[in-house]
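# Architecture and fold: a report
Each chain is listed here by its residues.
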Amino acid sequence: MPYELISGCQAAALAVQRAGVELVAAYPITPQTAIVETLASFEARGELKGEFVSVESEYSALSCCNGAVAAGARVFTATSSHGLAYMHEMIQWCSGARFPIVMVNVNRTVGAPWVLDPDQGDSLSQRDTGWLQIYCANAQEVFDIVLQSFVLAEELLLPTMVVFDGFYISHTYEPVDVPELEQSCEFVGPPKFKPQVAPGEQANLHGLSSGETQLQLVRKRHEDMLKAPATFSAINEKFNRLFGRSYEALEAVIPDGARTAFLAAGSTAETVRWFLPELKGCGLIQLRMFRPFPAEELARVVEKHDLERLVIIDRNCSTGTGGYFAQEAKAALYGVDRRPVVQDLVLAGGIDLTVDILAHAAEKGPESGLTAIQWGVDLR
Amino acid sequence: MKVTGYSMENEMMYSGHNACPGCGGALTVRYLTRALGPNLALAITASCWSIIAGAPPLTALKCPILHCPFPSAGAVGGGLRRGLNAKGHYDTTVVVLAGDGGTFDIGLQALSGAAQRNEDYIFICYDNEAYMNTGMQTSSATPFGARTSTRPYPLFKHGQKKDIMRIMAAHGIPYAATASLAFPQDMENKLRKAQEMKGFRFMHVLSPCPPGWGTESSDTIHLSRLAVSTNFYPLFEIIGGNKWRMTYYPEKTRTPLKEYLEAQRRFRQVDETTIEALQEEVDHDWEGLLKRVGTSPEETQEAPEK
């Protein structure tokens, strides 16, 4: 297998190229820019199957994808931060319309003030929009999961957002095992979904409907989304057969006897994984899939290992409540008999996760109650 | 004027749609789908047509309709064209339909982007001069002097109507034209001409709205004709952004604008001084248009193109 030294952004672009995407519409924003530029360079060299459209805004990028996917084309876009926020209306429209669009969001703080660091609040604030969300911990995961997402999105007819941290992943060069073009294409295959706009066939797509119709659509979408962890597993079985790697929606690395676990998504999970040997008595629960939230899987891990404390690494904060991941974890553990203490380590603003912070967080649990917020800046 | 080749079989629009009686927007789409059909795909942005098209699975048209959010139409149209091309449907004509809000206001950015990229489709703006679907709120296409629900009596709209045709011309697009429901043959000719071209094509259709304008449903065609004969709404086309051509010159003694204004209750609060000012504005715009066309009425008193 050929290893290439590439950045997270380049890994994403390579996967898009290998998925045989027919239309890419995008608008540049730091730190996503390298994805756009890499795809444009593929087009310039005649190495992109589809066309690259430089539109005048993120809103139009996703709108352009909407038109093309409605006609049955495989499409892709990428953005970050304010760009994702600007797409918000179209993001919701995509899932309502059941358009299997794949988008990469490279995490970056949403202002004010202007901040470039990778707060996850941009993508997490879109959690209720009906998109699948998968968080990647390194460039290899970015390549593999972007490639897999086209299969996942088209099988479930749900738009899929692949998320990774700005700079820590987007701009860091890592050796990535990039399968041959032919093998990748074989894995993804041609688009499997039925075009909604079929010339010659009358159809009134997404026109005015009743609340009752919408309830049925929401229910169907919800039920279909709940199939995602199993579908993801099945896709990864096939991926593993071809490429010798696989991923789960939620993955636990709990050493024997450990009663504390860090729950992390994105590059923070990679950081914890690297430092686990120094964090005695601690394990890692890596959250890849955030929507749908793998609640049963999390509860099973907690019960199986009889975990007493979860330290949730939230490089984000829902003001007035705390980290998104902590909220979701607490809700998921409601039905567990022996609920662990939930300690919310908030690194909002996208601050760096150091081994010192991890060690302090591991040592110092909440003084009272079942939950508490620890602010990352206080632990350095 | 001779109307030729008319047959009900060419109709793409069903009766039983959800438009108000006398709706100019409904007639616009009936004309355009008949001229451009049957191999059509329509993207419709938030507008009266979001309602007129009917509740799925019912539909008002015999072609695919893709509804899309308000500001998105310009970009969705480009995506739809490119997606259809990717699937080999090169012969399908893509039309984006937007109201004046989706063109002049919230849709302007995506429209401008699509025009600048020379996206290969036809953008139709049916202009009823306010947000009529939500009950006649002011838009930047509302003419000076009109009362709306956000400029209620005795207030009225101040500020000029945005000159969308000059904005579109400035993009240097292959084709742009105005069309009137009172001149269906002229409209059909322009649509057919546009259909034979490639790249971004734009058509603006003044579409009277009886409840919004305060007119009888039977007056829609009469008003459309008055708008042209008063020079309030001239009929012309622009090739390549710089070649302006009048497609119809009104009678030499033009109808006073006052007649057009007095036929609509939305203008009832304007006084004589304002009417005079509006007349001057129409005259001024007409002079400007004549300069851009660069010919006199006598020179181009030809019949519209076949």
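Residues numbered from 1 in each chain as written. Chains lettered and ligands numbered in written order. Predicted model: local features only at pLDDT ≥ 70, side-chain atom pairs only at ≥ 80, totals over all residues.

## Topic: the overall build of chain B
When helices and strands are tallied, chain B shows 11 helices and 8 strands. The C-alpha atoms of chain B give 18 Å as radius of gyration, which agrees with the globular expectation for 306 residues (19 Å, within 12%). Of all 306 residues assigned to chain B, the portion counted as buried reaches 53%. For chain B, the share of sequence-separated contacts (at least 6 apart) that also reach a separation of at least 24 residues comes to 68%. (Helix = DSSP H or I, 4+ residues; strand = E, 2+ residues; numbered from the N terminus. Rg over C-alpha atoms; globule rule 2.2 N^0.38 Å. Buried ≥ 20, exposed ≤ 12 C-beta atoms within 10 Å, placed from the backbone. Contact = placed C-beta atoms within 7 Å.)

## Side note on the overall build of chain A
Looking only at helices and strands, chain A has 14 helices and 16 strands in total. In terms of C-alpha radius of gyration, chain A reaches 20 Å, essentially the compact-globule figure of 21 Å for 380 residues. Along the first, second and third principal axes, the C-alpha set of chain A runs to 65 × 50 × 45 Å. Taking all 380 residues of chain A together, the buried fraction comes to 54%. Partitioning the intrachain contacts of chain A with sequence separation of at least 6 by distance along the chain shows that 78% fall at a separation of at least 24.

## So, the domain arrangement of chain A
Residues and elements named next belong to chain A. Here chain A is described as being made up of domain 1 (3-241) and domain 2 (250-379). For domain 1 versus domain 2, the separation of C-alpha centres amounts to 27 Å. On the side of domain 2, 21 residues touch domain 1, which itself brings 28 residues to the contact. Listed by contribution, the elements that provide at least two residues to the side of domain 1 that touches domain 2 are α6 (121-124), β6 (132-135), β7 (160-165), α9 (211-226) and α10 (228-243). Here the side of domain 1 that touches domain 2 is built from residues that sort into 18 nonpolar, 6 polar and 4 charged. (Domains from an automatic or database assignment. Nonpolar A, V, L, I, M, F, W, Y, C, P; charged D, E, K, R; others polar.)

## Here's the deal with the sheet that holds strand β4 (residues 122-127) of chain B
If you walk across this open sheet you meet the 9 strands as β9(A)-β2(B)-β1(B)-β3(B)-β4(B)-β6(B)-β5(B)-β7(B)-β8(B), and the pairing is mixed. Both edges of this open sheet fall to β9 (203-205) of chain A together with β8 (243-248) of chain B, since each of them pairs with a single strand only. Here the average twist between neighbouring strands, direction ignored, is 20°. One ladder, built from 6 bridges, connects β4 of chain B with strand β6 (residues 201-206) of chain B; its direction is parallel. Within the sheet, the bridge partner assigned to Tyr 126 of chain B lies in β6 of chain B and is Val 205 of chain B. Packing of helix α11 (residues 272-293) of chain B onto the sheet brings it into contact with β7 (235-239) and β8 of chain B, and relative to β8 of chain B it is tilted by some 115°. (Pairing = 2+ DSSP bridges. Axes fitted to C-alpha atoms, helices over the stretch in contact; angles between N-to-C directions.)

## Here we look at the confidence of the model for chain B
Atomic detail in the predicted coordinates should be set aside for any region of low pLDDT. Residues and elements named next belong to chain B. With 94% of its residues at a pLDDT of at least 70, chain B reaches an overall mean of 93. Within the model, the stretch residues 301-306 combines pLDDT values under 50 with 7 contacts to residues more than four positions away or in other chains. Taken over the whole predicted complex, pTM reads 0.96, whereas the ipTM for its chain interfaces reads 0.96. (pLDDT = per-residue confidence, 0-100.)

## Description of unusual backbone geometry
All names here are of chain B. That bond from Pro 56 to Pro 57 is cis: its omega, 5°, falls within 30 degrees of zero. Looking at where Pro 57 falls in the secondary structure, it is placed in the loop between α2 (48-52) and β2 (64-68). That bond from Tyr 153 to Pro 154 is cis: its omega, 5°, falls within 30 degrees of zero. Tracing the chain through its elements places Pro 154 in the loop between β4 and α6 (164-170). The phi dihedral of Asn 231 is positive, around 70°, even though this residue is not glycine. Counting through the fold element by element, Asn 231 comes out in the loop between α9 (220-229) and β7.

## Side note on the interface of chain A and chain B
Between chain A and chain B, the contact holds 38 residues from the first and 39 residues from the second. Of all the elements in the fold, those that place two or more residues in the side of chain A that touches chain B are β2 (23-26), α3 (58-70), α5 (88-96) and β9 of chain A. For the side of chain A that touches chain B, a count of residues per class yields 20 nonpolar, 13 polar and 5 charged. Pairing geometry for β9 of chain A and β2 of chain B, over 3 bridges, is parallel. Looking at the pairing, Leu 205 of chain A lines up with Leu 66 of chain B of β2 of chain B.

## Here's the deal with the packing of helix α3 (residues 73-86) of chain B against helix α5 (residues 108-116) of chain B
Residues and elements named next belong to chain B. The interhelical angle for the contact between α3 and α5, taken along N-to-C directions, is 40°, at an axis separation of 6 Å. Classified by the angle their axes make, α3 and α5 are oblique. Of the residues in α5, those touching α3 at Ala 73, Gly 74, Ala 75, Gly 77 and Gly 78 are Ala 110, Leu 111, Gly 113 and Ala 114. Grouping the amino acids of the contact of α3 with α5 by side-chain chemistry returns 5 nonpolar, 4 polar and no charged. (Parallel < 35°, antiparallel > 145°, perpendicular 65-115°, else oblique.)

## Some points on the sheet that holds β6 of chain A
Sheet strands pair by backbone hydrogen bonding; their relative direction is either parallel or antiparallel. All names here are of chain A. With respect to topology, 7 strands assemble into an open sheet ordered β3-β2-β4-β5-β7-β6-β13, the strand pairing being mixed. For this open sheet the edge positions go to β3 (51-54) and β13 (289-291), each flanked by a neighbour on one side alone. Ignoring which end each strand starts from, the neighbouring axes of this sheet average 20° apart. Here 4 bridges tie β2 to β3, and the two strands are oriented parallel to one another. The residue bridging Val 24 from the neighbouring strand is Phe 52, located in β3.

## Quick word on the packing of helix α7 (residues 139-156) of chain A against α10 of chain A
Residue and element names in this part refer to chain A. Put simply, α7 and α10 touch, their axes get as near as 10 Å, and they point 130° apart. Judged by the angle between their axes, α7 and α10 are oblique. In terms of crossing hand, the pair formed by α7 and α10 is right-handed. Mapping the contact onto sequence places Asp 144, Gln 148, Val 151, Leu 152, Glu 155 and Leu 156 in α7 and Ala 228, Thr 231, Phe 232, Ile 235 and Phe 239 in α10. A breakdown of the residues in the contact of α7 with α10 according to their chemical character gives 7 nonpolar, 2 polar and 2 charged. (Left-handed = near helix turned anticlockwise from the far one by under 90°.)

## Notes on the nonpolar core
Core analysis: the largest hydrophobic core is formed by 215 residues, its most contacted members being Ala 12 and Leu 263 of chain A together with Leu 80, Val 95 and Ile 124 of chain B. Tallying contributions element by element places α7 of chain A first for this core, with 11 residues. Ignoring any residue separated from it by four or fewer positions in sequence, one finds Ala 12 of chain A in contact with Ile 35, Ala 78, Val 104, Val 142 and Val 146 of chain A. (Core = buried A, V, L, I, M, F, W, Y, C linked by C-beta atoms within 7 Å.)

## Notes on the environment of Pro 71 of chain B
In this fold, Pro 71 of chain B is placed in the loop between β2 and α3. For Pro 71 of chain B, a count of 25 C-beta atoms within 10 Å corresponds to the buried category. For the pair Pro 71 of chain B and Thr 45 of chain B, spaced 26 residues apart in sequence, the C-alpha separation works out to 7.6 Å. Those residues in contact with Pro 71 of chain B, other than ones at most four positions away along the chain, are Tyr 59 of chain A together with Ile 106, Gly 107, Gln 109 and Ala 110 of chain B.

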